[in-house]
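Descriptive analysis of the structure
For reference, the chains in residue letters:
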Amino acid sequence: PVFPFPVFPQVTHLVIQRPKSFRFQPGDYLYLNVPAVAAYEWHPFSISSAPERTETLWLHIRALGQWTNKLYEYFQQLERQEPELEPDPPGKSRREHRE
């Protein structure tokens, strides 16, 4: 079979602190701005965490275009600069990626 994307795509897993007043339903999305990638660009992404998760929001962003590839590379660079610490407990990782 032929797949349009690699079997293990480059994915940025963002975990964002959820504001207390932020409410959403399955299927909702938000607009994300990352000034380190592009100061004045906002991009829509589906929220991948469950609404019952009260402390954080999860976004899983596949690197497909120029902006999402820059986002992926930005967090890869940050990860390379961080000193090695103990592994995060399950469900608490700040960033996950697959190559």
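One structure accompanies this document, and this report is about it. Keep in mind the model is a prediction, meaning the values are calculated, not measured. (Residues numbered from 1 in each chain as written. Predicted model: local features only at pLDDT ≥ 70, side-chain atom pairs only at ≥ 80, totals over all residues. Heavy atoms only, no water.)

1. Structural notes on the packing of aromatic side chains
Rule in force here: In this analysis, rings of Phe, Tyr and Trp, with Trp reduced to its six-membered ring, are considered paired at centre separations within 6.5 Å, and the interplanar angle assigns stacked below 30 degrees, edge-to-face beyond 60, and tilted for intermediate values. Under the DSSP-based scheme used, a helix requires at least four consecutive residues in state H or I and a strand at least two consecutive residues in state E, with every element numbered from the N terminus. A simple rule labels every residue: compare its accessible area, found with a 1.4 Å probe on the protein chains alone, to the largest value its type can have, and call it buried under 20%, exposed over 50%, or partly exposed in between.
In the structure shown here, the tally under the stated rule is 4 aromatic pairs. The interplanar angle of 25° and the centroid separation of 5.8 Å between the aromatic rings of F45 and W67 together place this pair among those described as stacked. Here W67 lies in helix α1 (residues 66–81) and F45 lies in strand β3 (residues 43–46), a separation of 22 residues in the sequence. Judged by its relative accessible area of 14%, F45 is buried. Taking the centre distance of 5.1 Å and the plane angle of 70° together, the rings of Y74 and F75 count as edge-to-face.

2. A look at α1
Quick note on the threshold: Each helix should span, by expectation, one fewer than its residue count multiplied by 1.5 Å. It only takes one pair of heavy atoms within 4.5 Å for two residues to be counted as in contact.
Its 16 residues place the ends of α1 23 Å apart at the C-alpha level, agreeing with the 22 Å of an ideal helix rising 1.5 Å per residue. If you check which residues of α1 are buried, you get W67, T68, L71, Y72, F75 and Q76. Looking at the buried residues of α1, the elements they touch are β1 (11–17), β2 (29–32), β3 and β4 (56–62).

3. So, the nonpolar core
As a reminder, the rule being used: To define a nonpolar core, start from buried Ala, Val, Leu, Ile, Met, Phe, Trp, Tyr and Cys residues and group those joined through side-chain atoms within 4.5 Å.
Counting residues in hydrophobic clusters, the biggest one holds 15 residues, and the most contacted among them are L32, L59, I61, W67 and L71. Beyond its immediate stretch of four places on either side in the chain, L59 contacts T12, H13, L14, I16, L30, L32, F45, S46, I47 and S48.

The analysis is restricted to geometry; functional conclusions fall outside its scope.
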